[in-house]
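# Residue-level structural notes
Now for the letters of each chain:
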Amino acid sequence: MTSSRPAENVPPPGPARRTVLAAGAAAAALTAAGLPYAPTAAATPAGGVTAQLPGAEPPRGGTGWQRYVQAPSSRTVRPVRTLASTGGVARPEGLLKPGGAPTVLRRPQPAPAPRWPEGTTAEASSTHAGNSGGDGQPRTYDASHAVDGDPETFWNDDTQGAFPDILTVTLPAERELSGITVVSNSDGVPTDFTVDVWHDAAWHRAATQSDNDVIQCAVPFATPLPASKVRITVTGVQDTQQGAFTRINEVWPEAVEAVEPPSVTVDFGKVVVGFPRIRFAGASDNSPGVRVAFSETQRFLTDRSDFTRSDQAGGTGRGTDQFAVPAGGADWLDHKGFQAGDKVFADGLHGFRYLKITLDALASDAPAAQPWGTVEVDSVSLEFSAYLGTPSTYRGWFLCSDDDLNRYWYGASYTNELVTDTFRRDDVDPRNAWSASLEGQLVLHDGPKRDRDPYVGDLAVSARTLYLTHDDAAAAARNVLADLAEHQRADGWIPPASINNYTLPLFDYPLWWVTCSWDYVLYTGDRAYAARYYPNLLKVLDTWYPSVTDDAGLLSKGLNGTGEYGDYAFLDRTGRITYYNVNYVQALGDAARLARYLGHADDAGRWEKRAADVAAAVNAHLWDEKAGAYLDSSTGPVRHAQDGNSIAITAQVADAGRAASALAHLDATTQQPYGNAFMDNDTIFDGASQRVYAFTSYPEIVARFETGRADSALDQIRRTYGWMDRHDPGITHWEGIGPGGSLYEDAYTSMAHGWSTGVLPALTHQLLGARPLSPGYATWTVRPNLGDVDWAQGQLPTPHGPLSVEWENSRSGFSVTVRVPRGTSGSLALPGEPGRLTVREGRTKVWDGRRASHRTVRVTDGRVCVASLGEGTHTFTAARKA
């Protein structure tokens, strides 16, 4: 789920690397040491656990798929290196070696901050209105906070992105000043400002500050000046997620240079999730505090975390986790809560790659914690909380001749493992997402860092990734789907997630619940689930969606009070939207298949007819002949979206001509070095034509494979996933990519998001070519789409045992072996023009280029197809005629 939810109050890539099964000395060295390998931001060779499964035959290439697995080898995860240290730190590497000489942080007791004389006042050009601060505690942002001596309060102007902002400090009597200090906070510091002083009945320029990027900014005057007033005129600030406002916590009547506190930053090598643990060997006897900041990227690792749930809930933690270290040391496992009364707060679980420990304390935590003293750190680690995907847990795997594609597949799996976790009250989204009905259950969250809530739209991708890798964890998807069904509204609408007490109004996600329910039954064969929640499916398709259908038979957002409903990206679009309607066609088709499975032929027929009618209406009302693509919406500015055009193809709304034209339009208008943008212009918001969502890229990649464009599908994969693979934090797949390949929502962006793992099902189902056709893989098909890949092999977990496929392509021909589990049957569609192929099963010729010699062999959809393949091993070769 994208993060752009309504608040409550609130270097181009290089050529694709195709070195076959290249290893990398760094990976081997770290693996030999028992450490998980992960790349720096600039290099991303394969890594992870390398053990070979007992009895497993090493695939072509010799080393096996296991070497690509990224999960840690145990639940205790340690950092792989010390990235940096600042200030008074001795032996910064010590904390990497538990039981040795510890890392020591020392900081002298700081002098008290300078104070203004009694009677000093402050006023400002504007002041933001007071509010609850998001935690129910009333807050004000008056100018007086800049001179009250409390660094926890601040002045906030009320002109977002507009300047100048002016703060004037008035002294009770004139005094000589040699400079001032402006103290701000991490929500955006004043970058450009001037300082004037008032004396002799006039303002005099005392200093000019440009390009400031520090919180405590000392501003010395060239010469001491008498002053009865001080005026600070701000003309630029850092623009953050909290807005481009001027925020000044304190102004001091002296220029005080900041003394950098001692800190150590460690790198875990890749994004991890769980409960941080720090073992302190000892400390001075003044209760020195440590502040621990976390970040998925180096760019957004500062004196505070890139994201904390406590900040989202109202700022309790001030952006870091705190701990007061006792003199005798401590083994601190970071759990949510206060250390003593209402002092020294920690958030608990975190998703991050980088961890920064600083000897410091919040002023509000005095005297329980002090920002000075000595702290000895013996070790840092993490108790990994998510699904631990070691080679022994993989029920499905993939390997091919392209080393990059292998890394992307296992990067997707690891990303998904990070979001497969237990639903726990202290660890989920604090915006009313906790639910007693989910507590303690295994679920698929949307991201390990945030939002940590199961969204059904995310499951449209992440659940498929789970079924193809760790089907023993399929309950994680079922638990979410069942819980959302249990919270269905009386009018049939199904909530997208537990957030906001199951009330977040999204227009598209009930359709994804239908599709995800079919997916769950298709992959697992869970008939009991299908039967139990079939009434919910009836209600959402036959009651709620008809209530938002117009006279043309199309869904129209705005009907039945849905004008303010959002979607996966909270896009401001209303009326007839192609994406919603082709999703409707897809959901109706999936519902019909589920109905036939349960024996409800009448329902299936009705939904199939409605799907055909909606598809016809989409083609009649939403096809833009001039652009050769489907409109995003029939109202408002003309634009064409990736979501609607791609799903129109995969849901078979578009015929071959329209599919070719729509994909050509996306080629011409959305290609970026880091993927394909989700809109072809910026009429919906600035930068839309440069934003890439892997979530909506997945159906486009599938559409390209299924329409015979394997090379363009692979190109899109390499641009999208190659970009994420090569850039910090490496390996895991991002929630969204912004202009120039940036993090599309800065620090708030989730850098490991389950909805972005579509490369895995795409490579298994479309490149390798194997996928289920009926519940529990009772029937299946293998239809490889080769592109420039020389060979591929893999295994799909089914309720009957593994279905495995391996194929090899060369100039002269193609060979494939399919190993079929008992109780299933399927078909094989061989690539290539039927008239140029001679096909043999073993030594028996079954196709001579014109006719078949066996009744199970025929030409279907332009391929030679072999039907009724049952239990056992089947090998076919297809020789190409010159």
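Everything numeric here is computed off the predicted structure, so don't read it as measured data.

## Considering the overall build of the chain
- Looking only at helices and strands, one finds 15 helices and 42 strands in the chain.
- Radius of gyration (C-alpha) of the chain: 30 Å, near the 29 Å computed for a compact globule of 882 residues.
- Dimensions of the chain along its principal axes, counting C-alpha atoms only, are 105 × 65 × 50 Å.
- Taken across its 882 residues, the chain has 59% of its residues classed as buried.
- Across the chain, the centroid of the 78 positively charged side chains sits 10 Å from that of the 101 negatively charged ones.

## Describing helix 15 (residues 759-768)
- Of all 10 residues in helix 15, 10 are buried; the element is thus mostly enclosed.
- Buried within helix 15 are the following residues: Val 759, Leu 760, Pro 761, Ala 762, Leu 763, Thr 764, His 765, Gln 766, Leu 767 and Leu 768.

## Comments concerning the sheet that holds strand 37 (residues 825-830)
- Pairing is mixed across the open sheet formed by 5 strands, whose spatial order is 32-33-37-41-40. Two strands bound the open sheet, and with one partner strand each, they are strand 32 (770-772) and strand 40 (857-860). Going across the sheet, the axis of each strand differs from the next one's by a mean of 25 degrees, ignoring polarity.
- In the sheet, strand 37 pairs with strand 41 (residues 863-869) via 4 bridges, with the strands oriented antiparallel. Note that in strand 41 the partner of Leu 830 across the bridge is Val 864.
- Helix-sheet contacts for helix 15 involve strand 32 and strand 33 (779-782), and the interaxial angle to strand 32 is about 105 degrees.

## Re the sheet that holds strand 21 (residues 397-400)
- Pairing is antiparallel in the open sheet, where 7 strands are placed in the order 21-34-35-36-42-38-39. In this open sheet, the two edge strands, each paired with only one partner strand, are strand 21 and strand 39 (844-847). Strand-to-strand twist of the sheet, defined as the mean angle between neighbouring strand axes without regard to direction, takes the value 15 degrees.
- Lying over the sheet, helix 15 contacts strand 21, strand 34 (791-796) and strand 35 (803-809), oriented at roughly 115 degrees with respect to strand 34.

## Comments concerning the pattern of salt bridges
- Scanning the entire structure with this criterion turns up 45 salt bridges.
- Notably, a salt bridge pairs Arg 573 with Asp 643, separated by 2.8 Å at the nearest N-O pair. Here Arg 573, found in the loop between strand 24 (556-560) and strand 25 (575-576), pairs with Asp 643, found in helix 11 (residues 642-650); they are 70 residues apart in sequence, far enough to count as distant. One exposure class covers both Arg 573 and Asp 643, and it is buried.
- The partner of Asp 632 in a salt bridge is Arg 639, and the shortest N-O contact between them spans 2.7 Å.
- Three or more residues are tied together by salt bridges with common partners; here these are Asp 429, Arg 431, Arg 450, Asp 451 and Glu 735.

## Brief notes about the side chain of Asn 185
- Tracing the backbone shows Asn 185 in the loop between strand 7 (165-183) and strand 8 (190-199).
- Judged by relative accessible area, which is 12%, Asn 185 ranks as buried.
- Here Asp 187 takes part through its backbone nitrogen, which lies 2.9 Å from a polar atom of the side chain of Asn 185.
- Here the side chain of Asn 185 touches Asn 249 through a polar contact of 2.9 Å, side chain to side chain.
- Dropping the residues within four chain positions of it, Asn 185 is found in contact with Phe 154, Ile 215, Arg 247 and Asn 249.

## Here's the deal with the pairing of strand 37
- Pairing between strand 33 and strand 37: 4 bridges, direction parallel. Along strand 37, the bridge assignment pairs Thr 781 with Ser 827.

## What about the packing of aromatic side chains?
- In this structure the tally under the stated criterion is 43 aromatic pairs.
- Plain terms: the ring middles of Trp 544 and Tyr 565 are 6.1 Å apart, the flat faces sit at 20 degrees to each other, and that makes the pair stacked. With a gap of 21 residues between them, Trp 544 in helix 8 (residues 527-544) and Tyr 565 in the loop between strand 24 and strand 25 connect regions that are remote in the sequence.
- For the cation-ring pair, Arg 527 lies above Tyr 597, with the distance from its terminal atom to the ring centre recorded as 4.7 Å.
- If you follow Arg 658 out to its NZ or CZ, it ends over the ring of Trp 623, 5.1 Å from the centre.

## Regarding the environment of Ser 132
- The residue Ser 132 is located in the loop between strand 5 (121-124) and strand 6 (155-156) in this model.
- With a relative accessible area of 23%, Ser 132 lands in the partly exposed category.
- In this structure, the C-alpha to C-alpha distance between Ser 132 and Gly 396, residues 264 residues apart in sequence, is 50 Å.

## Side note on helix 11
- Summarising burial for helix 11: 8 of the 9 residues are buried, a large majority.
- Taken residue by residue, helix 11 has Gln 642, Asp 643, Gly 644, Asn 645, Ser 646, Ile 647, Ala 648 and Ile 649 as its buried positions.
- Just past helix 11, the residue Gln 652 takes up positive phi, approximately 65 degrees.

## Concerning the packing of helix 3 (residues 403-419) against helix 14 (residues 710-726)
- At their nearest, the axes of helix 3 and helix 14 sit 10 Å apart, and the two run at 65 degrees to each other. Here helix 3 and helix 14 pass one another in a crossing that is left-handed. Contact residues: Leu 405, Arg 407 and Tyr 408 in helix 3; Leu 714, Ile 717, Arg 718, Tyr 721, Gly 722 and Asp 725 in helix 14.
- Residues belonging to the contact of helix 3 with helix 14 are distributed by class as follows: 5 nonpolar, 1 polar and 3 charged.

## With respect to the environment of Ser 712
- Note on placement: Ser 712 falls in helix 14.
- The exposure class assigned to Ser 712 is partly exposed, which follows from its relative accessible area of 23%.
- When the C-alpha positions of Ser 712 and Leu 663 are compared, they lie 9.9 Å apart, and in sequence the two are 49 residues distant.

## Notes on the nonpolar core
- Grouped together as the largest cluster of nonpolar side chains are 170 residues, with contacts concentrated most on Trp 513, Tyr 568, Ile 717 and Trp 807.
- In terms of residue count, the dominant contributor to this core is helix 9 (residues 578-598) (12 residues).
- Core analysis: the next-biggest nonpolar cluster, separate from the first, contains 38 residues, Ile 278, Val 292, Leu 349 and Ile 731 among them.

## Points about unusual backbone geometry
- Residue Pro 367 follows Ala 366 across a cis peptide bond; omega there is 0 degrees.
- Relative to the assigned elements, Pro 367 resides in the loop between strand 19 (350-359) and strand 20 (373-384).
- The omega angle of the peptide bond from Arg 450 to Asp 451 is 5 degrees, so this bond is cis rather than trans.
- Relative to the helices and strands, Asp 451 is located in the loop between strand 23 (442-444) and helix 4 (456-467).
- The backbone of Asn 500 shows a phi angle near 55 degrees, a positive value even though the residue is not glycine.
- With phi around 55 degrees, Asn 560 is a residue other than glycine that occupies positive phi space.
- Summarising the element assignment, Asn 560 is placed in strand 24.

The rules behind these values
Residues numbered from 1 in each chain as written. Predicted model: local features only at pLDDT ≥ 70, side-chain atom pairs only at ≥ 80, totals over all residues. Heavy atoms only, no water. Helix = DSSP H or I, 4+ residues; strand = E, 2+ residues; numbered from the N terminus. Rg over C-alpha atoms; globule rule 2.2 N^0.38 Å. Buried < 20%, exposed > 50% of the residue type's maximum accessible area, 1.4 Å probe, protein only. Lys, Arg positive; Asp, Glu negative; His and termini not counted. Charge placed at Lys NZ, Arg CZ, Asp CG, Glu CD. Pairing = 2+ DSSP bridges. Axes fitted to C-alpha atoms, helices over the stretch in contact; angles between N-to-C directions. Contact = heavy atoms within 4.5 Å. Salt bridge = Lys/Arg side-chain N within 4 Å of Asp/Glu carboxyl O. Polar contact = N/O pair within 3.5 Å; in protein donor to acceptor, adjacent residues only side chain to side chain. Phe/Tyr/Trp six-rings, centres within 6.5 Å; stacked < 30°, edge-to-face > 60°. Lys NZ or Arg CZ within 6 Å of the ring centre and 35° of its normal. Left-handed = near helix turned anticlockwise from the far one by under 90°. Nonpolar A, V, L, I, M, F, W, Y, C, P; charged D, E, K, R; others polar. Core = buried A, V, L, I, M, F, W, Y, C linked by side-chain atoms within 4.5 Å.

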